[in-house]
Amino acid sequence: MCGITGWISYDRDLSRERGTVAAMTETMACRGPDDEGVWLDTHAALGHRRLAVTDIAGGVQPMSVDSDGNTLLVTTYSGEIYNHRELRAELAALGHSFRTDSDTEVALRAYLQWGEEFTRRLNGMYAFALWDGRRQELLLVRDRLGIKPLYYYPTGDGVIFGSEPKAILAHPRVAAVVDADGMAELLALTKTPGHAVYRGMRELRPGHTLRVRRTGSTERRYWGLESYEHTDDLPTTVARVRELLEDIIDRQLVADVPLCTLLSGGLDSSVITALVARASAAGGHGPVRSFALEFAGQAEDFQPDELRATRDQPYARELAAHVGSDHRDITLDTAQLLDPANRERVLTARDLPFGFGDMDTSLYLLFKAVREQSTVALSGECADEVFGGYHWFHDEKTVHADTFPWLHALRAALDERQSLLAPSLLRAIDLPGYQEARYREALAQVPALRGETGTERRMREISHLHLTRCLQIALDRKDRASMATGLEVRVPFCDHRLVQYVFNAPWAMKTFDGREKSLLRAAAGDILPASISRRVKSPYPSTQDSRYTDSLRQEMKELLADPQAPVRPLLDLSAADRLTGEASGSDLRNGSELVLDLNNWLGAYRITLDF
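Here's a quick rundown of the structure. Model, not experiment: these values are computed from the prediction. (Residues numbered from 1 in each chain as written. Predicted model: local features only at pLDDT ≥ 70, side-chain atom pairs only at ≥ 80, totals over all residues. Heavy atoms only, no water.)

1. Some points on the overall build of the protein
- Within the protein, the secondary structure is distributed over 26 helices and 19 strands.
- Scaling as 2.2 N^0.38, a compact globule of 611 residues should have a C-alpha radius of gyration of about 25 Å, and the protein matches this with 24 Å.
- Out of the 611 residues belonging to the protein, those deemed buried represent 61%.
- Counting only contacts in the protein whose residues sit at least 6 apart along the sequence, the fraction spanning at least 24 positions is 72%.
- Of the accessible surface of the protein, which amounts to about 23,100 Å², a share of 48% is contributed by carbon and sulfur atoms.
- Between the mean site of the 72 positive side-chain charges and the mean site of the 88 negative ones, the protein shows a separation of 2 Å. (Helix = DSSP H or I, 4+ residues; strand = E, 2+ residues; numbered from the N terminus. Rg over C-alpha atoms; globule rule 2.2 N^0.38 Å. Buried < 20%, exposed > 50% of the residue type's maximum accessible area, 1.4 Å probe, protein only. Contact = heavy atoms within 4.5 Å. Areas by Shrake-Rupley, 256 points an atom, 1.4 Å probe, with all protein chains shown as cover. Lys, Arg positive; Asp, Glu negative; His and termini not counted. Charge placed at Lys NZ, Arg CZ, Asp CG, Glu CD.)

2. Quick word on empty space enclosed by the protein
- With the rule as written, the count across this model stands at nine cavities of 30 Å³ or more.
- In this structure, the largest cavity encloses a volume near 240 Å³.
- Lining the largest cavity are 16 residues; nearest its centre among them are K191, V197, L352, F354 and D476.
- Elements with a minimum of two residues in the lining of the largest cavity: α5 (180–188) and α19 (454–483).
- Residue contributions to the lining of the largest cavity peak at three residues, all from α19.
- Considering only residue class, the lining of the largest cavity consists of nine nonpolar, two polar and five charged. (1 Å grid on protein atoms, 1.4 Å probe; cavity = no way out; pocket = protein on both sides within 12 Å on 5 of 7 lines; lining within 4 Å. Points joined across faces, edges and corners; volume = space filled by probe spheres on them. Nonpolar A, V, L, I, M, F, W, Y, C, P; charged D, E, K, R; others polar.)

3. Quick word on the packing of aromatic side chains
- One pass over the full model with this rule turns up 13 aromatic pairs.
- A centroid spacing of 5.8 Å and a plane angle of 55° characterise the contact between Y126 and F128, whose relative ring orientation is tilted.
- A relative accessible area of 0% means that Y126 is categorised as buried.
- On the accessibility criterion, F128 (0% relative accessible area) is buried.
- Members of the aromatic cluster, each reached through a chain of ring pairs, are Y77, Y111, F118, Y126 and F128.
- One cation-aromatic arrangement involves R477 over Y540; the distance from NZ or CZ to the ring centre is 4.7 Å. (Phe/Tyr/Trp six-rings, centres within 6.5 Å; stacked < 30°, edge-to-face > 60°. Lys NZ or Arg CZ within 6 Å of the ring centre and 35° of its normal.)

4. Regarding the side chain of T334
- The topology assignment puts T334 in helix α10 (residues 334–338).
- Setting aside its immediate chain neighbours within four residues, T334 contacts T543, D545, R547 and Y548.

5. Comments concerning the state of the cysteines
- Counted under the stated rule, the structure contains zero disulfides.
- The closest cysteine sulfur to the non-disulfide-bonded C2 is located on C30, 13 Å from its own sulfur.
- C2 sits in the buried class, given a relative accessible area of 7%.
- With no disulfide of its own, C470 has C382 as its nearest cysteine by sulfur position, at a separation of 10 Å.
- On the basis of relative accessible area, C470 is assigned to the buried category, the value being 8%. (Disulfide = S-S within 2.5 Å.)

6. What to know about the nonpolar core
- Membership of the largest hydrophobic core comes to 95 residues, with the highest contact counts inside it found for M183, Y198 and W601.
- With near-sequence residues (within four places) excluded, W601 lies in contact with V178, M183, L186, Y198, L347, D351, L352, P353, R606 and I607. (Core = buried A, V, L, I, M, F, W, Y, C linked by side-chain atoms within 4.5 Å.)

7. Describing the side chain of T75
- Note on placement: T75 falls in strand β5 (residues 70–81).
- Looking at T75, its side chain comes within polar contact range of the main-chain oxygen of A129, at 2.7 Å.
- When neighbours within four sequence positions are excluded, T75 is seen to be in contact with L46, Q61, P62, M63, T104, L108, F128, A129 and L130. (Polar contact = N/O pair within 3.5 Å; in protein donor to acceptor, adjacent residues only side chain to side chain.)

8. Topic: the packing of helix α24 (residues 546–560) against helix α26 (residues 585–604)
- For the pair α24 and α26, interaxial distance at closest approach is 10 Å and the crossing angle is 50°. Taken together, the axes of α24 and α26 are oblique relative to one another. Handedness of the α24/α26 crossing: left-handed. Along its contact with α24, which presents Y548, T549, L552, R553, E555, M556 and L559, the element α26 presents G585, L588, R589, S592, E593, V595, L596 and N599.
- Looking at side-chain class alone, the contact of α24 with α26 contains seven nonpolar, four polar and four charged residues. (Axes fitted to C-alpha atoms, helices over the stretch in contact; angles between N-to-C directions. Parallel < 35°, antiparallel > 145°, perpendicular 65-115°, else oblique. Left-handed = near helix turned anticlockwise from the far one by under 90°.)

9. Brief notes about the packing of helix α11 (residues 340–350) against helix α12 (residues 358–371)
- Direction vectors running N to C along α11 and α12 enclose 90°, while the axes themselves pass 9 Å from each other. In this view, α11 runs roughly perpendicular relative to α12, as classed from their interaxial angle. Contacts from N342, R343, R345, V346 and R350 in α11 reach D360, T361, Y364 and L365 in α12.
- Residue classes in the contact of α11 with α12 are distributed as three nonpolar, two polar and four charged.

10. A look at the pairing of strand β12 (residues 208–213)
- Burial analysis of β12 places five of its six residues in the buried class, which makes it a mostly covered element.
- Relative to β12, strand β7 (residues 137–142) is paired through four bridges, and the arrangement is antiparallel. From the neighbouring strand, V141 faces β12, where its bridge partner is T209.
- Note that β12 and strand β13 (residues 216–221) share six bridges and pair antiparallel. Following the sheet pairing, L210 is matched in β13 by E219.
- Counted between consecutive antiparallel strands, the loop separating β12 from β13 contains two residues. (Pairing = 2+ DSSP bridges.)

11. Looking at the pattern of salt bridges
- For the structure shown, the criterion picks out 57 salt bridges.
- D545 is the salt-bridge partner of R547, the closest N and O atoms lying 2.6 Å from each other.
- Three or more residues are tied together by salt bridges with common partners; here these are R31, R142, K148, E164, K166, K191, E203, D351, D476, D479 and R480. (Salt bridge = Lys/Arg side-chain N within 4 Å of Asp/Glu carboxyl O.)

12. Some points on the sheet that holds β5
- Spatially, the six strands line up as an open sheet ordered β4-β5-β6-β7-β12-β13, and their pairing is antiparallel. Bordering the open sheet on either side are β4 (63–67) and β13, each of which pairs with just one other strand. Within this sheet the neighbouring strands show an average axis-to-axis angle of 15°, counted without direction.
- Each of β4, β5, β6 (124–132), β7 and β12 touches helix α3 (residues 103–114); the most contacted strand, β5, lies at about 125° to it.

Such coordinate-based values are descriptive only and should not be taken to indicate function.
Okay, structure coming up:
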């Protein structure tokens, strides 16, 4: 995985702008610690930071196709094309010759052969730019599910783009301005496709391309979820899910660097680890490495709550023993979670303040530890969105609430966050109105199935909302935390073939045994211990150490006592003072983690608020 950036300008000579593009490229050094490159032409400048995963020696970027001394095509590419070997063979049969073994060159040759339609042939996670020197045009491409990020900033004479906002913000023409619409998007937890929070900046939508010409830009969708009648019976559906999973794992195990799995002991990560172990054994390779997160002292002090009835560690170890993985626990202490340097790295990785607190910091630290031993990790992300795993999929009141399901399910926690915000801010951004508008837009985009009514129709809507909105929140979080440490995380459950197939399976079939993720349990139950196959979903862990909460309280007191704190104008100071003095546990964390994050972001990014 890598970091990409670039600048297209039809009104100036960019061959003289190496310094600017180099500065943009350097912001993503963590995404690509192995190499860097800049390519310049009159109207195009491309930058690249490389994390070497395949063809270590030959995959240097930016990469070009040249003919008779002329550059036909050049790319700065991030991602993995999992079917690149099949495409390479097909292209070779059509007369193309290759000088590397990288999937990057396959993307270049595929575009030369099939034009923009080549996107329909790709299986993988990717975000890349192609500069067509023959036509003096740029093509930006993002994968179907939005696993890999890609942002752009239209200018009067072209575009500036990058894997992350920080690359664009490093350009002297771009200012870090957030208006009322941007602040609403930041706080709404609706993840509007295309919205980037920063004014003037956009995020290329999943499954879309953006073609930039001298005369203007055109965005085009090349893939999206479709609704069609599911004609397979239950046994056939279960078998097809298993067949797809095995094929996906086989494709995603290809790498020229050490590979592992992220194992929580939950159903999703256990299925991935078990399938990887089987594929590795069949291929004559050694045992797969697996890694799990644990908090110091949690074994002795864990207290079950409404979200997490059990600890992860015993289940992770049981699965590891069951499949024979080379397993390691990554144990984090509270001091690491509170270390300002670690929290600063998380903020810098995300470019935005989400207020997820220790859950973001621990994910970053987990990936940092994993990266010391592996370069690629397979994760169970997306299974809940695909198979219906979140508890609110199965709560009647939430399902029929006229809003995004996760907003209804998490309303108490979200209200606690918003209670600390100044009434003037809340009036300016009209958060309820913003969420309502985004919800109506999202519902209008659900592809209807003729004749479908009642529960089946509503659950199709719920699934679509999760796959096009909620999933993006999870994927962004995992991408930023992993790439901040130079770790490539692959997400097998995001294979578009599996997503499309299961999306159209009837809800009655997805819950045929009365449980969440029935199809996944049935498809992989034979390779899991019974205790894991039966385990109720447990969300990503959070520390229960009271010292963490105590530290947040002290930080809030210090912030409220600082008249220069950047976040003060955005706060209801009386409410914040009451929270700091009276609240405990999750009540304190829900509000304070957001406030502290906002304060650090406003200062570090020198944000200009315009509302």
